[in-house]
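If you want the building blocks of each chain, they are given just below.
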Amino acid sequence: MENSLEFAQQLDRADPLRSFRERFYIPERGGKPLIYFCGNSLGLQPKTARQALDQELEVWQQQGVEGWFEGEKPWLSIHQRCKKPLAQIVGAHPSEVCPMNNLTVNLHLLLTSFYQPTQNRSRILTIGGDFPSDQYALESHIRTRGLNPDETLLEVFPRPHEPTWRTDDILAAIEQHRDSLALVLMSGLHYYTGQVFDMAAIARKAREVGIPVGFDLAHAVGNIPLKLHDWEVDFAFWCSYKYLNSGPGGVSGLFIHEKHHAENRPRLAGWWGYDEARRFEMTKGFVPMPGADGWQLSTPSVLAMAVHEAALAITAEAGMDALRRKSELLTGFLEWTLQQSGLPLTIITPANPAERGCQLSILIERNGKTVFSDLTEKGIIGDWREPDCIRLAPTPLYNTFEEVWRVGQVISGSERFTS
Ligand SMILES: *Cc1c(COP(=O)(O)O)cnc(C)c1O
């Protein structure tokens with residue numbers, strides 16, 4: 001590595017994915033493009049999004065209700081068109097995935113199906129300090145079953161003075177509580193530290209002791225390669241507005257492993273999950289679609305789904321393997337430039353590339369908020385977490401090595417660290 005503009009530009013020239021940046025609108029300020037390292041919060045707008053929206057608005061305008069059934073791309077099968085790229089991105093069979101609802105809604109649906117507490121086995125193992133919405137969902141599910149969250153939730157924390165978890169500690173906790181656990185549910189990639197968990201090992205351990213396991217993939221999907229089917233994860237869910245670039249509040253998705261498809265699990269049902277061939281017979285008695293589709297509830301939001309479809313096509317075309325290769329280099333370069341700066345900062349994201357995605361979480365010892373404002377003023381968009389953390393996510397679809405170098409320059413040159 002070399003800390004120079006020339007070196008960064010050389011890496012950009014050698015980047016096989018460099019043309020993908022052209023597929024996105026890069027936000028600007030005063031006519032100059034911002035350095036957008038915030039794809040972990042809201043991915044950028046694909047240039048094809050507007051066209052996808054216009055197309056469906058046109059169908060609605062011209063055909064009204066016939067849009068559901070008529071034309072090249074009837075709305076009735078819009079979810080079908082998303083399943084193939086989604087399956088490719090999360091490592092699943094198309095029947096195991098389906099876009100629907102929003103993330104927290106899907107989490108509730110999946111808890112209804114997979115959290116089946118019994119007299120002896122009622123506890124849920126999770127990680128302490130997981131994303132708040134997940135914590136609230138777990139807590140409320142436990143209460144709706146008449147149980148006490150304080151006794152029912154089992155949270156695994158990092159060891160004292162360590163910012164991230166050890167897989168062995170999670171596996172040991174599953175082993176220790178094997179007779180009282182009903183479910184393991186946690187993030188696959190932790191939103192705050194950027195740590196990737198060893199989902200394969202956690203799923204293997206849970207399977208060994210007969211406990212279902214589910215992962216929240218909000219920060220993992222489109223960021224790291226996933227093999228949900230091969231890992232035999234029981235279920236998973238994600239949102240599409242972070243690394244999948246499907247727009248603010250875009251459609252979520254869920255995964256249900258094939259081995260559960262024939263089970264007819266308890267679920268919260270709606271007519272959109274009803275056997276498609278007979279849905280419009282409007283008869284009594286719920287008959288689910290096979291696979292993940294059977295968890296659908298409502299008429300999909302066609303406009304949001306159209307943007308999702310357009311965005312998924314880009315990620316699928318780039319391919320998760322190529323994205324991952326670039327991502328490791330890009331994030332490694334950012335890490336290296338920060339280390340070169342010699343400033344009083346600590347990167348809490350694991351140094352091992354296998355244990356992280358593209359995000360680095362940086363603790364600033366002093367004046368963190370001022371350093372962050374300084375970055376923002378200089379056109380660098382990251383995100384700030386109280387009390388002292390800056391998260392920067394160079395995303396391989398649209399960020400460049402030159403941008404990483406420039407961020408390193410601005411941070412190194414910031415007088416806020418010492419003043
Ligand atoms: C972003 C995120 C969410 C957001 O949930 P919504 O229902 O889409 O608002 C949930 N969980 C995690 C881990 C996240 O990172």
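About the criteria used
- Residues numbered from 1 in each chain as written.
- Predicted model: local features only at pLDDT ≥ 70, side-chain atom pairs only at ≥ 80, totals over all residues.
- Heavy atoms only, no water.
- UniProt positions renumbered as here; feature names shortened; annotations may be inferred.
- Patch = residues over 30% accessible without salt bridge, like charges linked within 9 Å, V, L, I, M, F, W, Y side chains within 5 Å.
- Areas by Shrake-Rupley, 256 points an atom, 1.4 Å probe, with all protein chains shown as cover.
- Salt bridge = Lys/Arg side-chain N within 4 Å of Asp/Glu carboxyl O.
- Helix = DSSP H or I, 4+ residues; strand = E, 2+ residues; numbered from the N terminus.
- Buried < 20%, exposed > 50% of the residue type's maximum accessible area, 1.4 Å probe, protein only.
- Core = buried A, V, L, I, M, F, W, Y, C linked by side-chain atoms within 4.5 Å.
- Contact = heavy atoms within 4.5 Å.
- Domains from an automatic or database assignment.
- Buried area = accessible area lost by both parts, 1.4 Å probe.
- Polar contact = N/O pair within 3.5 Å; in protein donor to acceptor, adjacent residues only side chain to side chain.
- Nonpolar A, V, L, I, M, F, W, Y, C, P; charged D, E, K, R; others polar.
- Axes fitted to C-alpha atoms, helices over the stretch in contact; angles between N-to-C directions.
- Parallel < 35°, antiparallel > 145°, perpendicular 65-115°, else oblique.

As recorded by an unreviewed UniProt entry, the chain carries the name Kynureninase and is attributed to Larkinella terrae. According to the UniProt record, the Cofactor (unreviewed entry) comment for the chain is "pyridoxal 5'-phosphate".

1. A closer look at a nonpolar patch on the surface
Nonpolar side chains collect at one region of the surface, where Phe69, Trp271, Phe280 and Met282 lie side by side and expose about 450 Å² of accessible area between them. In this fold, methionine 282 is placed in the loop between strand S10 (253-256) and helix H9 (302-318). On the accessibility criterion, methionine 282 (59% relative accessible area) is exposed.

2. Quick notes on the nonpolar core
Residues Ile170, Ile202 and Trp238 are the most contacted members of the largest nonpolar core, which totals 72 residues. In terms of residues, this core owes the most to one element, H9, which gives seven residues. Leave out the neighbours within four places in its chain, and isoleucine 202 touches Ile170, Leu171, Ile174, Val184, Met186, Phe197, Val213 and Phe215. Counting residues in hydrophobic clusters, the runner-up holds 28 residues, among them Phe372, Leu375, Ile380 and Val404.

3. Examining the domain arrangement of the chain
Looking at the chain, the domain boundaries give domain 1 (5-33 + 320-414) and domain 2 (53-317). Tallying the contact residues gives 25 residues for domain 1 and 20 residues for domain 2. Taken over both partners, the interface formed by domain 1 and domain 2 buries close to 2,000 Å², and the fraction arising from carbon and sulfur atoms is 59%. Taken together, domain 1 and domain 2 are joined by one salt bridge. With its nearest N and O atoms 2.8 Å apart, the salt bridge here joins glutamate 317 to arginine 23. For the pair domain 1 and domain 2, the interface holds nine residue pairs in polar contact (both at pLDDT 80 or more). Counting only elements with at least two residues in the side of domain 1 that touches domain 2, the list comes to helix H10 (320-340), strand S12 (360-364) and strand S15 (389-392). Considering every element that reaches the side of domain 1 that touches domain 2, the biggest residue donor is H10, with three residues. Here the residues of the side of domain 1 that touches domain 2 sort into 13 nonpolar, five polar and seven charged.

4. Section: the UniProt feature "modified residue: N6-(pyridoxal phosphate)lysine" (unreviewed entry) in the chain
Summarizing the sequence annotation, UniProt attributes the feature "modified residue: N6-(pyridoxal phosphate)lysine" (unreviewed entry) to Lys242 in the numbering used throughout. Within the fold, lysine 242 resides in the loop between strand S9 (235-238) and S10. Those residues in contact with lysine 242, other than ones at most four positions away along the chain, are Gly39, Asn40, Ser41, Leu42, Gly43, Ala218 and His219.

5. Here's the deal with the packing of helix H1 (residues 5-13) against helix H12 (residues 401-413)
The relative placement of two packed helices comes down to the angle between their axes together with the axis-to-axis distance. Orientation of H1 relative to H12, taken along the N-to-C sense of each, is 155 degrees, at an axis distance of 7 Å. When the axis of H1 is compared with that of H12, the two are roughly antiparallel. Of H12, the residues touching H1 (which contributes Leu5, Ala8, Gln9, Leu11 and Asp12) are Phe401, Glu402, Trp405 and Arg406.

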